[in-house]
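Structural overview
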Amino acid sequence: MPYLSKASKAIHVVANRTYRIRPNHHYRLGLPYSGSNERGFCSNPRNSNRKDENSVIDLSQYPTDKIRNFSIIAHVDHGKSTLADRLLELTGTIKRGHGMPQYLDKLQVERERGITVKAQTATMFYNYNLKDSNTNYLLNLIDTPGHVDFSYEVSRSLAACQGALLVVDAAQGVQAQTVANFYLAFESNLAIIPVINKIDQPTADPDRVKEQLKSMFDLDPSDVLLTSAKTGQGLEHILPAVIERIPSPPGKSDSNLRMFLLDSYHDEYKGVICHVAIVDGSLRKGDKFSSVATGQSYEVMDVGIMHPELRSTGFLLTGQVGYVVSGMRSTKEARVGDTLFHSRTTVEPLPGFKPAKHMVFSGLYPADGSDFEALSNAIEKLTCNDASVSVARESSTALGLGFRCGFLGLLHMDVFHQRLEQEHGTHIISTVPTVPYIFEYSDGSKVEVQNPGAFTADPKIRILASWEPTVLATIIIPSEYVGAVINLCSERRGEQLEYSFIDSQRAFMKYRIPLREIVVDFYNELKSITSGYASFDYEDSEYVASDVVKLDILLNGQPVDAMATIVHKLKAQRVGRELVDKLKKYIDRQMFEITIQAAIGSKVIARETISAMRKNVLAKCYGGDVTRKKKLLEKQKEGKKRMKRVGSVDIPQEAFHAILKGFLNLDPRYSTRAGHGLTLNQSGIG
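Please read all numbers here as calculations on a predicted model, not as lab measurements. (Residues numbered from 1 in each chain as written. Predicted model: local features only at pLDDT ≥ 70, side-chain atom pairs only at ≥ 80, totals over all residues. Heavy atoms only, no water.)

1. Observations regarding the overall build of the chain
From N to C terminus, the chain includes 15 helices and 36 strands. The buried share of the chain, reckoned over its 686 residues, is 51%. Taking as baseline every contact in the chain between residues at least 6 positions apart, the subset at least 24 positions apart corresponds to 70%. In the structure as shown, the chain presents an accessible area of about 32,000 Å², 50% of it carried by carbon and sulfur atoms. (Helix = DSSP H or I, 4+ residues; strand = E, 2+ residues; numbered from the N terminus. Buried < 20%, exposed > 50% of the residue type's maximum accessible area, 1.4 Å probe, protein only. Contact = heavy atoms within 4.5 Å. Areas by Shrake-Rupley, 256 points an atom, 1.4 Å probe, with all protein chains shown as cover.)

And the structure:
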């Protein structure tokens, strides 16, 4: 076919023809490429950021005395991720100006919200002139979250480190999470290097921040480093300080292998990828290792470092942090905090992590009941990457099969929901978040109730006593807002424990507040009354006696268990009124009357009525006897009663989100999630 031969020649000529359009740019077949970069474009900019893509990394050149493991800890938005970017650029791990800012924030939810959710690890190589001789060092950097809800991520990261950079904003100074993260590092016996960031800001006051660090943490002002991650000022002093002030890993290279499982995530092709820290010994490709927690054995299929993406090295040595691919297919096999060791050897297990303390519980149900298995698989894969979530199956009369999940806080819960949608494409309905209560019944039993639906309704069993969890809240505010914050904490049944001044402008307050009061928009009100200047942190405390009741929502006399909640008796009236008002706005009118009630036991404390849509049956009556009109109206009334007995009430999904917004300050797109509502008929079956 000669015409095909001519066509192929023409394509060959055009493909090799270069058109000069403007200086320093060329166009070939309409695709631009830089004249100075003969490699052209790459669809994945992260893979092109490597300093030397094809070079072989020999980790045997780095014994433990040439390794430093450190993390960056700070309050939210104090510049941790930007500082991590600059350190990666300084060591040549990524090229300046390539890729996206906040390079280690890889999740979509992190980029949308501008916060760090997952701790990320990156290995850097740095040549340091020590005592007139150049020495290569291996530096393992871990960028950690700053929000209180992700403190479990911080504690896990610190377990793999010997030191930490404590970053403080030069304008904002010491904040609540700065205090919490400092004590996490201090209790772990880490070397702490204070860094004051953002010194280029017009409102920066480094001297005042140094005084705060001295008064609160007893840190010597002469040890503080002044930097600006944005402009690069002072960055040259950070890595030398890391090498000189942070000790090397204490492991023994000649001992049997012991490694710490720090984190894991699921890959569609490789299975479960584990992030590990080698405490003792070494691990090589082809080795067989076992788990202390499960007793199962695996073979190392691939092993390497994060530089900052996965980079295979064939082995890991004592003190190094990297990844292992071993063919794990089930996420239940990778237990965070587990000790891994060579098969057929005996080792003493490592201490592990302190178990996560779940503060908030919520039910997750598929928007479509047929998607339960898909939701189950999505939650299993996501909990592999977020070990701080507890999951248990449950069923609801209205919503069907679902899961009762425990979270470390409200933002943690919101981010988990968002990741389920974005990463796994699931559509879910969430129930009202609750906290765990303890009840003592007349039969002598004590029960912890996490789900309001499990609250007993048996009239023969009386509740003798109840306890609710409390938190120790740390609040740092400008001194002019002290009065307003004291009033807010008093309204939320708070007990003041400590009140002092950090300096002439800022006050430090500590309260014991019921966790339930923190769940209900406390943080939003605190930010509102302090014009956004307050910083807030909390940790779990003891259970205290409290008078709490179960608040039910009834539709035409039928309880909706997915909307039940447990509240303090003094606030039940207000909460019940708010819930029925919200539901009235979102439930559509039907052909029959709908009654919305909030009740405590058999006592109704709030009620709203949605009137029925009605046809004008009198339209055809142009006069005549009034008894004719009455007959038609009575006939219509009887029809409405019959419809009410057999009809169903459609509860749209937006109604659940509206109730959630009464407890959470959710992202606006949270209420526009695709999916269906539920239908509650008069027998109570959805």
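Having seen the structure, we can now continue with the description.
2. Observations concerning the environment of Ala 398
Residue position: Ala 398 is located in the loop between strand 21 (390-396) and strand 22 (400-407). For Ala 398, a relative accessible area of 7% gives the class buried. Through-space distance from the C-alpha of Ala 398 to that of Met 563 is 9.6 Å; in sequence the pair is 165 residues apart.

3. Focus: the nonpolar core
One finds Leu 420, Ile 475 and Phe 522 to be the most contacted residues of the largest nonpolar core, which totals 45 residues. If one sorts the elements of this core by residue count, helix 8 (residues 372-385) sits on top with 5 residues. In this structure, Ile 475 is in contact with Val 485, Cys 489, Ala 507, Phe 508, Met 509, Phe 522, Leu 526, Ser 535 and Phe 536, ignoring residues within four places of it in sequence. Membership of the second largest hydrophobic core comes to 32 residues, among which are Ala 164, Phe 182, Ile 196 and Phe 260. (Core = buried A, V, L, I, M, F, W, Y, C linked by side-chain atoms within 4.5 Å.)

4. Description of the packing of aromatic side chains
By the definition in use, this model includes 14 aromatic pairs. Arranged with centres 5.8 Å apart and planes meeting at 40°, the rings of Phe 289 and Tyr 298 form a pair that is tilted. What makes Phe 289 buried here is its relative accessible area of 1%. Residue classification places Tyr 298 among the buried residues on the basis of a relative accessible area of 9%. When the centroid spacing of 5.2 Å and the interplanar angle of 5° are considered together, the rings of Phe 372 and Phe 403 count as stacked. You can see Phe 372 sitting in helix 8 and its partner Phe 403 sitting in strand 22, a full 31 residues away along the chain. Assessed through its relative accessible area of 8%, Phe 372 is described here as buried. Site record: aromatic cluster; members linked through ring pairs are Phe 182, Tyr 183, Phe 186 and Phe 217. (Phe/Tyr/Trp six-rings, centres within 6.5 Å; stacked < 30°, edge-to-face > 60°.)

5. Some words on the sheet that holds strand 20 (residues 360-366)
By definition, the strands of a sheet pair up through backbone hydrogen bonds, in either a parallel or an antiparallel sense. Sheet architecture is open: 4 strands sit in the order 21-22-20-23, paired in antiparallel fashion. What marks the edges here is a single partner per strand, and that holds for strand 21 and strand 23 (428-430). Neighbour-to-neighbour, the strand axes of this sheet turn through a mean angle of 30°, independent of strand direction. Strands in contact with helix 9 (residues 410-424) are strand 20, strand 22 and strand 23; relative to strand 20, the strand with the most contacts, it is inclined by about 15°. (Pairing = 2+ DSSP bridges. Axes fitted to C-alpha atoms, helices over the stretch in contact; angles between N-to-C directions.)

6. Considerations on the environment of Gly 444
The residue Gly 444 is located in the loop between strand 24 (437-441) and strand 25 (446-449) in this model. The exposure class of Gly 444 is exposed, given its relative accessible area of 54%. The spacing of Gly 444 and Ile 463 is 19 residues in sequence and 9.8 Å in space, taken between C-alpha atoms.

7. Focus: unusual backbone geometry
Of note, the bond from His 307 into Pro 308 is cis; its omega dihedral lies within 30 degrees of zero at -15°. Position of Pro 308 among the secondary structure elements: in the loop between strand 15 (302-306) and strand 16 (310-312). With phi around 60°, Asn 189 is a residue other than glycine that occupies positive phi space. Note on placement: Asn 189 falls in the loop between helix 5 (176-187) and strand 8 (191-197). On the basis of relative accessible area, Asn 189 is assigned to the exposed category, the value being 70%. One non-glycine residue, Asp 218, lies in positive phi territory at about 60°.

8. With respect to the sheet that holds strand 13 (residues 288-291)
Taking strand neighbours across the sheet as the criterion, the 8 strands line up as 14-13-19-10-11-18-15-16 in an open arrangement whose pairing is antiparallel. Across the chains shown, the open sheet's two edge strands, defined by having one partner strand only, are strand 14 (297-299) and strand 16. Across the sheet, the axes of successive neighbouring strands diverge by a mean angle of 40°, strand direction being ignored. Relative to strand 18 (residues 321-325), strand 11 (residues 271-280) runs antiparallel, the two sharing 5 bridges. Pairing of Ile 273 across the sheet is with Val 325, part of strand 18. The strands touched by helix 8 are strand 10 (258-267) and strand 11; relative to strand 10, the strand with the most contacts, the crossing angle is about 145°.

9. Let's talk about a positive patch on the surface
A contiguous patch of positive charge on the surface is contributed by Lys 620, Arg 628, Lys 631 and Lys 635. Within the element layout of this structure, Lys 635 appears in helix 14 (residues 626-646). (Patch = residues over 30% accessible without salt bridge, like charges linked within 9 Å, V, L, I, M, F, W, Y side chains within 5 Å. Salt bridge = Lys/Arg side-chain N within 4 Å of Asp/Glu carboxyl O. Lys, Arg positive; Asp, Glu negative; His and termini not counted. Charge placed at Lys NZ, Arg CZ, Asp CG, Glu CD.)

10. Digging into the pattern of salt bridges
Counted under the stated rule, the structure contains 19 salt bridges. A salt bridge links Arg 419 to Glu 423; its shortest N-O distance comes to 2.8 Å. Of the two residues, Arg 419 and Glu 423 both sit in helix 9, 4 residues apart, roughly one turn of that helix. The partly exposed category is assigned to Glu 423, whose relative accessible area is 38%.

11. A short note on the pairing of strand 4 (residues 67-74)
Strand 4 sits mainly inside the fold: 8 of its 8 residues count as buried. Going residue by residue along strand 4, you find Ile 67, Asn 69, Ser 71 and Ile 73 tucked away on one face and Arg 68, Phe 70, Ile 72 and Ala 74 tucked away on the opposite face as well. Here 6 bridges tie strand 4 to strand 6 (residues 133-143), and the two strands are oriented parallel to one another. Each residue of the ladder has a partner; that of Arg 68, found in strand 6, is Leu 139.

12. Quick look at the packing of helix 8 against helix 9
It is at 10 Å that the axes of helix 8 and helix 9 come closest, and there the two elements cross at 115°. The orientation of helix 8 with respect to helix 9, classified from their angle, is roughly perpendicular. Of the two possible hands of crossing, helix 8 and helix 9 adopt the one that is right-handed. On helix 9, the residues that touch Leu 375, Ala 378, Ile 379, Lys 381, Leu 382, Thr 383 and Asn 385 of helix 8 are Phe 416, Arg 419, Leu 420, Glu 423 and His 424. Classifying every residue of the contact of helix 8 with helix 9 gives 6 nonpolar, 3 polar and 3 charged. (Parallel < 35°, antiparallel > 145°, perpendicular 65-115°, else oblique. Left-handed = near helix turned anticlockwise from the far one by under 90°. Nonpolar A, V, L, I, M, F, W, Y, C, P; charged D, E, K, R; others polar.)

13. A few points about the environment of Ile 461
In this fold, Ile 461 is placed in the loop between strand 25 and strand 26 (463-478). Separated by 18 residues in the primary sequence, Ile 461 and Asp 443 place their C-alpha atoms 7.0 Å from one another. In this view, Ile 461 contacts Tyr 441, Ser 442 and Asp 443; residues no more than four positions away in its chain are not counted.

14. Some remarks on the pairing of strand 6
Within strand 6, 8 of the 11 residues are buried, leaving the element largely enclosed by the surrounding structure. As paired strands, strand 5 (residues 120-130) and strand 6 are joined by 11 bridges and run antiparallel to one another. The partner of Asn 129 across the bridge, within strand 6, is Asn 134.

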